[in-house]
Amino acid sequence: MAKEKTTYVCSECGGTSPRWLGKCPACGAWNTLIEQAAAPAGGGAQNNRFGQSYAALAGSSELAVLAEIEAADVARTPTGIEELDRVLGGGIVAGGVTLIGGDPGIGKSTLLLQATDALQNAGQMALYVTGEESGAQVALRARRLGLERSQVQLMAEIQLEKILATLDTHRPAIAVIDSIQTIYSDQLTSAPGSVAQVRECAAHLTRFAKASGTAVVLVGHVTKEGALAGPRVLEHMVDTVLYFEGDTHSSFRLVRAIKNRFGAVNEIGVFAMTERGLRGVANPSAIFLSQHEQPVPGSVVLVTLEGTRPMLVEIQALVDDGGPSPRRLSVGLERDRLAMLLAVLHRHAGVACMDQDVFVNAVGGVRISEPAADLSVMLAIASSLRGKPLPKGFVAFGEVGLAGEVRPAPRGQERLREAAKLGFSIAVVPKANAPKKAMRELEGLTIHPVERVEQAIELLRSIDGDNRAP
Ligand SMILES: Nc1ncnc2c1ncn2[C@@H]1O[C@H](COP(=O)(O)OP(=O)(O)OP(=O)(O)O)[C@@H](O)[C@H]1O
Ligand SMILES: [Mg+2]
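About the criteria used
- Residues numbered from 1 in each chain as written.
- Chains lettered and ligands numbered in written order.
- Predicted model: local features only at pLDDT ≥ 70, side-chain atom pairs only at ≥ 80, totals over all residues.
- Heavy atoms only, no water.
- Near = heavy atom within 4 Å.
- Polar contact = N/O pair within 3.5 Å; in protein donor to acceptor, adjacent residues only side chain to side chain.
- Areas by Shrake-Rupley, 256 points an atom, 1.4 Å probe, with all protein chains shown as cover.
- Helix = DSSP H or I, 4+ residues; strand = E, 2+ residues; numbered from the N terminus.
- Nonpolar A, V, L, I, M, F, W, Y, C, P; charged D, E, K, R; others polar.
- Core = buried A, V, L, I, M, F, W, Y, C linked by side-chain atoms within 4.5 Å.
- Buried < 20%, exposed > 50% of the residue type's maximum accessible area, 1.4 Å probe, protein only.
- Domains from an automatic or database assignment.
- Contact = heavy atoms within 4.5 Å.
- Pairing = 2+ DSSP bridges.
- Axes fitted to C-alpha atoms, helices over the stretch in contact; angles between N-to-C directions.

A.B. asks: Could you clarify how one ought to interpret the site of ligand 1 in this entry?
C.D. replies: Taken together, the neighbourhood of ligand 1 is formed by 16 residues, with Gly105, Lys108, Ser109, Thr110 and Arg141 sitting nearest. At a separation of 2.6 Å, an oxygen atom of ligand 1 approaches a polar side-chain atom of Ser109. Interatomic distance of 3.4 Å between a side-chain N/O atom of Glu132 and an oxygen atom of ligand 1. Coverage of ligand 1 by the protein chains reaches 66% of its 650 Å² of free accessible surface. The set of elements that each furnish at least two residues to the shell around ligand 1 consists of α3 (108-121), α4 (135-144) and β13 (268-274). At 3 residues, the largest contribution of residues to the shell around ligand 1 is made by α3. Its residues assigned to classes, the shell around ligand 1 shows 3 nonpolar, 6 polar and 7 charged.

Here it is in structure tokens:
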């Protein structure tokens, strides 16, 4: 049999080269050539030339009329871990592939060990492939989690072909690969963890999942920049992408769905890391509030809506004299958005931070991507700049546009109800989110509707009776 030859494909232009080169011979880009396994000899793409060789394949794939295909609803198996099922859209799906990413040590292996054990106890065969830790290490973790009698099948293996062979023999209901970066295929010469290996291994495992009905969960590492190590193409290949978030210094962890072919995205699961593993937090609305005895400048509570549940998150801002090139830093919020909000604050509300360092932080390591955070970020900045705290029990939400208009946030009523339930007393919200005039008070929560950002800043001044410009 002819030896299979590997080729190198440029990720920029798609050009190929028989050898690895630093520079793509076709487009001249540097470091873009990625190893790719060759198609098996005698078949594959190379032989397909218009007409003649396609003829041999005629009829090999059948056509079906869409209306005649039975629309089988996906069968979900709850993992028994409620918060995880919530992000998955009800449970694992047979043949579904899930990618779980997250910082080192955040709890990926812990959660998956707990989930596989629960599934195994529910009578589903669960197989855990560990490429990072030895069997003994996983057993040690199991003991700590109180799962010393776990019947989960464990395999310490990193070679893809062996893993696939084992999976094919046992056909488990769920297989966890911890992690995809440690697995390698001997069809490729590049090192485990390289883009080519990760992509190739994930593609094979995905194919296996679809063909066998085994639900596959891939664990992926996250780089320092916060992206999943390996190509983003992995996110396209799989059905569901979950990310672990949270500050490793606090015990709370969020699992967020950023893609789900079988359920809603942006649903989050909330956990607390305990000595005995991750425990679901059923009512997370108040966990991201820091406990100030007295209100402090630069702190505003945002009512954010994560999936189906509103949550209150403290937004902190610190505005301080900057050097010749003032810094803008944000943790948990987008930095580009911060720059935009500062420009809007200046232009429309006359709040100038040009010569100031501005730092913004969402408490508890939560990442907030919804624009409804805008108003609270701006109010926190204004409060820090003036050195005046907002009143006790103050909440805000609302998107702010470039023209200085305050736009409504989705499901405002729900957000307001949650704030009222938690005992907040003053809310500044977009006009369209405020209830009708007759009832501007909701269970002790006084609601101030605003249409423009300058109105919100003006309101701050009138609240504490200070009319000086910030
Ligand atoms: N005795 C303990 N008590 C409380 N928490 C613990 C204990 N032992 C470990 N942990 C927590 O478990 C975390 C490790 O979890 P885990 O190994 O599941 O993370 P991971 O995301 O799989 O990490 P990696 O990327 O290294 O594989 C630790 O960071 C710590 O927070
Ligand atoms: Mg791990």
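On we go from here.
A.B. asks: Any chance you could explain the nonpolar core here in plain terms?
C.D. replies: The tendency in soluble globular proteins is for nonpolar side chains to be buried as a group. Ranked by internal contacts, the top residues of the largest apolar core, which has 67 residues, are Ile381 and Leu445. Looking at this core, the element that brings in the most residues is helix α9 (residues 374-386), giving 7 residues. Counting contributing residues per domain, this core is built from domain 2 (76-282) and domain 3 (286-462), each supplying no fewer than three. For Ile381, the contacting residues outside a window of four places in its chain are Ala317, Val319, Leu338, Leu342, Leu345, Cys353, Val358 and Val360. Listed in part, the 30 residues of the second largest apolar core include Ile106, Ala215, Val219 and Ala257.

A.B. asks: For this particular structure, what's the right way to read the sheet that holds strand β9 (residues 174-178)?
C.D. replies: Strands sit in the order β8-β7-β9-β10-β6-β11-β12-β13-β14 across an open sheet of 9 strands; the sheet is mixed. A strand with exactly one partner marks an edge of an open sheet, and here the two such strands are β8 (153-156) and β14 (277-280). Neighbour to neighbour, the strand axes of the sheet diverge by 25 degrees on average, direction disregarded. Where strand β12 (residues 252-260) lies against β13, 5 bridges are found, and the strand directions are antiparallel. Across the sheet, the residue bridging to Phe252 is Ala272, located in β13. Where helix α6 (residues 195-212) meets the sheet, its contacts fall on β6 (97-102), β9 and β10 (215-221), and the angle it forms with β10 comes to roughly 160 degrees.

A.B. asks: Can you help me understand the sheet that holds strand β15 (residues 299-306) in this one?
C.D. replies: Note: strands within a sheet are paired through backbone hydrogen bonds, in either parallel or antiparallel orientation. Spatially, β17-β18-β16-β15-β19-β22-β24-β23 is the arrangement adopted by the 8 strands of the open sheet, whose pairing is mixed. One side of each edge strand has no neighbouring strand; the edge strands of this open sheet are β17 (328-331) and β23 (441-442). Across 3 bridges, strand β19 (residues 394-396) lies against strand β22 (residues 426-430) in parallel orientation. Bridging from a neighbouring strand, Ala396 pairs with Val428 of β22.

A.B. asks: Explanation requested: the environment of Ile100 in the structure shown.
C.D. replies: With respect to the helices and strands, the residue Ile100 is situated in strand β6. Looking at Ile100, the relative accessible area reads 2%, which means it is buried.

A.B. asks: I keep staring at unusual backbone geometry and nothing clicks. Help me out?
C.D. replies: Excluding glycine, a negative phi dihedral is what most residues carry, and trans is how most peptide bonds are arranged. The omega torsion of the bond from Asp178 to Ser179 falls at 5 degrees, within 30 degrees of zero and hence cis. With respect to the element layout, Ser179 can be found in the loop between β9 and α6. The phi angle at Arg171 is positive, at roughly 45 degrees, despite the residue not being glycine. By relative accessible area, which is 46% here, Arg171 ends up partly exposed.

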